[in-house]
Amino acid sequence: MATGRIILHVDFDAFYASIEKQRNPALKGKPVVVGADPKQGKGRGVVVACSYEAREYGVRSAMPISNAYRICPNAIFLRPDFSLYEEVSIRVMALLKRFADRFEQAGLDEAFLDITRVVGDYEDAGKLAHQIKNEICSKENLTCSIGISSSKSTAKIASDYRKPDGLTLVRPAEVKQFLAPLPVSVIPGVGKKTNELLRSRQIVSIGQLQVIPRIKLVEWLGKGGLWLWDVGNGEERGEVKERALKSLSTEHTYEEDVSDRAVIEQTIELLSAELAKRVKEDRLLFKTVGVKVRFSDFDTYTREITVTNPCNDSATIFRMARTLFEEFKEDEREIRLIGVRVTNLSNIETQASLEQWIHSDKESA
Ligand code: TTP
Ligand code: MG
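What counts and how
- Residues numbered from 1 in each chain as written.
- Chains lettered and ligands numbered in written order.
- Predicted model: local features only at pLDDT ≥ 70, side-chain atom pairs only at ≥ 80, totals over all residues.
- Heavy atoms only, no water.
- Donors = N, O, S within 2.8 Å, 3.2 Å for Na, K, Ca; no water.
- Tetrahedral: all angles 85-135°; square planar, octahedral: opposite > 155°, others 65-115°.
- Buried < 20%, exposed > 50% of the residue type's maximum accessible area, 1.4 Å probe, protein only.
- Near = heavy atom within 4 Å.
- Polar contact = N/O pair within 3.5 Å; in protein donor to acceptor, adjacent residues only side chain to side chain.
- Areas by Shrake-Rupley, 256 points an atom, 1.4 Å probe, with all protein chains shown as cover.
- Helix = DSSP H or I, 4+ residues; strand = E, 2+ residues; numbered from the N terminus.
- Nonpolar A, V, L, I, M, F, W, Y, C, P; charged D, E, K, R; others polar.

Enquirer: Explain the coordination of the magnesium ion (ligand 2) to me, please; I cannot follow it from the model alone.
Expert: In an ideal tetrahedron of four donors about a metal, each angle is 109.5 degrees. In an ideal octahedron of six donors, the angles are 90 or 180 degrees. Distances from the magnesium ion (ligand 2) to its protein donors, Asp 11 (OD), Phe 12 (O) and Asp 109 (OD), fall within 2.0 to 2.2 Å. Taken together, the six donor atoms surrounding the magnesium ion (ligand 2) define angles of 81 to 179° at the centre, an arrangement classified as octahedral. Read in sequence order, the donor residues for the magnesium ion (ligand 2) give the motif D-F-x96-D. Accessibility assignment for this pair places Asp 11 and Phe 12 in one class, buried.

Enquirer: Hey, could you run me through the site of ligand 1 in this one?
Expert: If you check the shell around ligand 1, you find 13 residues, and the closest are Asp 11, Ala 14, Phe 15, Tyr 52 and Arg 55. Asp 109 has a polar side-chain atom sitting 3.0 Å from an oxygen atom of ligand 1. Lys 163 places a polar side-chain atom, nitrogen or oxygen, 3.0 Å from an oxygen atom of ligand 1. For ligand 1, the protein covers 67% of the area, taking 550 Å² as the surface of the free molecule. Among the elements of the structure, strand E1 (7-12), helix H1 (15-23), strand E3 (47-50) and helix H2 (52-55) are those that each provide at least two residues to the shell around ligand 1. Among the residues making up the shell around ligand 1, the classes are represented as seven nonpolar, one polar and five charged.

Spelled out as structure tokens, the structure:
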């Protein structure tokens, strides 16, 4: 039964802006706006993310940067550093995954965790959520907001209910009551169009949606109406779906920037061995190897190379990564970070059965 499930949704607070604060502690407590260059109010482009201090002035994501500058000229305006945000995302997602029985990353800064079998009841689920928050704070110095309920949609609405650093637990018996006063627009997937259609039929709150017969919603919205009725009534049954792993990576930031290329090659060798260990532990094979090189001025480059046959050994990773690094050997800048990753992953078992299948096909031919 769906009501027997315990699902946790995690969403990081002001993700990009918080990462910028963590990188530069002088920004703590200040309004930070990540996005296009405001150019004294004449800049084009939009706000990508903003800290909660900036939100107090009315700054919001997707707002033109010129508006943000007008209402909060004293904010610290920063250009986005997507590769840094992605690195942090990969780390925090790996951290979260360990707490779940089933795990689904839903965006760069959000994920669903099915913890039905990990915890006995909602009380333990609440304790687990505190543990997750503590670990994220101590290891990454970030905060997140967590929602816990019996469906993905209610868990997601709950994580957004109290932000930042929130924790909202909605037990199955309380779901309808919790949702009733909220506007239908908090439902993930209800966009401007659906919102307007519902409003034209005097439906503004989820409570008003709950008393509409399902058939009416189907009449108005087609199949989506069925889904909407389920969500509004806490009966949506979407599963937390494990997605296939896309890549495995590891990297090293030097205490002090390094110019000696032999030292870098040693690091590449160590990272290759570490990566191969994880590839083998997870019974995976890779076809693509990539390197990441960040110079002392934060200029960052990634390069990739692909082979025809899937492999899982550290010698291949090292050989390919070292070849890719050749391009940067002559660069005179010091190196701050080096990373190695493998992608194009497959499962050893799938590969074996594929080979068996090809083999048996040949035999029968
Ligand atoms: P969100 O989780 O929507 O926003 P947030 O983490 O900044 O703030 P909140 O505390 O409300 O969760 O998005 C996560 C990141 O995704 C955000 O930091 C920046 C990026 N993003 C965009 O690139 N474009 C957008 O329109 C939005 C909304 C977010
Ligand atoms: Mg967020």
